[in-house]
Amino acid sequence: YRAYYSTLPRIASFIGTSNEKSLLTDVSGSRRFLCIEVEKPIDCSTPEYGQLYAQLKWELENGKRYWLSKEEEEEIQLHNKAFYRHSPEEEAFYKVFRLPKEGEECIKLTATDVFNVLHKRFPAVMKGSNAKCMGRILRRVGAQRTRTEYGSTYRLTRLAKVNSNSSTGKQSEIQQVA
C-alpha cells in the first residue's frame, strides 16, 4: 500500500490456469490477458534461458517495441470473447433479443424498455437488476446506441419464440415474444 503515486516500468508477467472457460468479466481490462485453451500436453522441457535472455536484450537495445499496439490489443480482445463470463441478465437478454445484422430492420428500445421485457419474462433473474444495469449490459454486448432528446435507444432484433404442442410433441407456429 502506498499513499502516493509513482510511475514504475512494466516488469512482470504472470501465467495462471483455470478449469473454467468463462473467466473474464471486464471487457475493458481483457486486453491484459491472452487466454489460451490447452488442447494437448504442454512441452515442459527447459528452455535455453541464456539464448532467450540474449535475444530479448538485443531486441530491447535495438529499439524493438515491447508493448502491444492498439490494433494488437483489439485483436486480443476479439480473441478473448470466447472466455467471457455472461451474467444471468445477459443470458436472459440473448433469449429474447439479438443484435441486428447490417441493414436489417430493427426496433429501437431504451434500456428501461429492455429491462421491463426481461423482468416480465424472467422475474427471478432480473430481481436484483435495474434499467441502469441493463444499459451497461447493452453497451457490453455491443448494442448500437442512438442518443435522442428523450434518452438513449438501442437497435435490437426481437427473437421469435417457438411453442411446443404438448399433446403431439410438434412445434406450433412461431409467435412473437412479449
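For clarity, every value in this text was computed on a predicted model and none was experimentally measured.

Re the packing of aromatic side chains
(1) Moving on: Across all of its chains, the model carries four aromatic pairs by this definition.
(2) Moving on: Both rings, one in Phe93 and one in Tyr94, keep their centres 5.2 Å apart while their planes meet at 75°; by these two values the pair is edge-to-face.
(3) Moving on: Chaining the aromatic ring pairs together yields one cluster made of Phe93, Tyr94 and Phe97.
(4) Moving on: Residue placement shows Lys21 over the ring face of Phe83; its charged tip is 5.5 Å from the ring centre.

Brief notes about the pattern of salt bridges
(1) Moving on: One pass over the structure, following the stated rule, counts five salt bridges.
(2) Moving on: Ionic pairing is found between Arg65 and Glu72, a salt bridge with its closest N-O pair at 2.7 Å.
(3) Moving on: The partly exposed category is assigned to Glu72, whose relative accessible area is 29%.
(4) Moving on: One salt bridge in this structure joins Glu90 and Arg140, with 3.2 Å as the shortest N-O distance. Taken as a pair, Glu90 in helix 3 (residues 88-96) and Arg140 in helix 6 (residues 131-140) lie far apart in primary sequence, 50 residues in all.

Let's talk about the confidence of the model for the protein chain
(1) Moving on: In the predicted model, the protein chain carries a mean pLDDT of 83, and 86% of its residues have values of at least 70.
(2) Moving on: Within the protein chain, the lowest mean pLDDT, 36, falls on strand 6 (residues 171-176), and the highest, 95, falls on helix 4 (residues 111-121).
(3) Moving on: Contacts from residues 163-178, a stretch scored under 50 in pLDDT, to residues over four places away or in other chains number 23 contacts.

Some remarks on the layout of surface pockets
(1) Moving on: Computed from the structure, the largest pocket encloses a volume of approximately 1,700 Å³.
(2) Moving on: Of all the elements in the fold, those that place two or more residues in the lining of the largest pocket are helix 1 (49-61) and helix 2 (70-80).
(3) Moving on: Considering each element in turn, the lining of the largest pocket owes the most residues, three residues, to helix 1.
(4) Moving on: Across the lining of the largest pocket, the residue classes tally to 19 nonpolar, five polar and ten charged.

Description of the packing of helix 4 against helix 6
When two helices pack together, their arrangement is captured by the angle between the axes and the distance separating the axes.
(1) Moving on: As a packed pair, helix 4 and helix 6 sit with axes 8 Å apart at the nearest point and diverge in direction by 105°. Between helix 4 and helix 6, the angle is such that the two are roughly perpendicular. For the pair helix 4 and helix 6, the contacting residues are Ala111, Thr112, Val114, Phe115 and Leu118 in the first and Ala131, Met134, Gly135 and Leu138 in the second.
(2) Moving on: Looking at the contact of helix 4 with helix 6 residue by residue, the class counts come to seven nonpolar, two polar and no charged.

How each quantity is defined
Residues numbered from 1 in each chain as written. Predicted model: local features only at pLDDT ≥ 70, side-chain atom pairs only at ≥ 80, totals over all residues. Heavy atoms only, no water. Phe/Tyr/Trp six-rings, centres within 6.5 Å; stacked < 30°, edge-to-face > 60°. Lys NZ or Arg CZ within 6 Å of the ring centre and 35° of its normal. Salt bridge = Lys/Arg side-chain N within 4 Å of Asp/Glu carboxyl O. Buried < 20%, exposed > 50% of the residue type's maximum accessible area, 1.4 Å probe, protein only. Helix = DSSP H or I, 4+ residues; strand = E, 2+ residues; numbered from the N terminus. pLDDT = per-residue confidence, 0-100. Contact = heavy atoms within 4.5 Å. 1 Å grid on protein atoms, 1.4 Å probe; cavity = no way out; pocket = protein on both sides within 12 Å on 5 of 7 lines; lining within 4 Å. Points joined across faces, edges and corners; volume = space filled by probe spheres on them. Nonpolar A, V, L, I, M, F, W, Y, C, P; charged D, E, K, R; others polar. Axes fitted to C-alpha atoms, helices over the stretch in contact; angles between N-to-C directions. Parallel < 35°, antiparallel > 145°, perpendicular 65-115°, else oblique.

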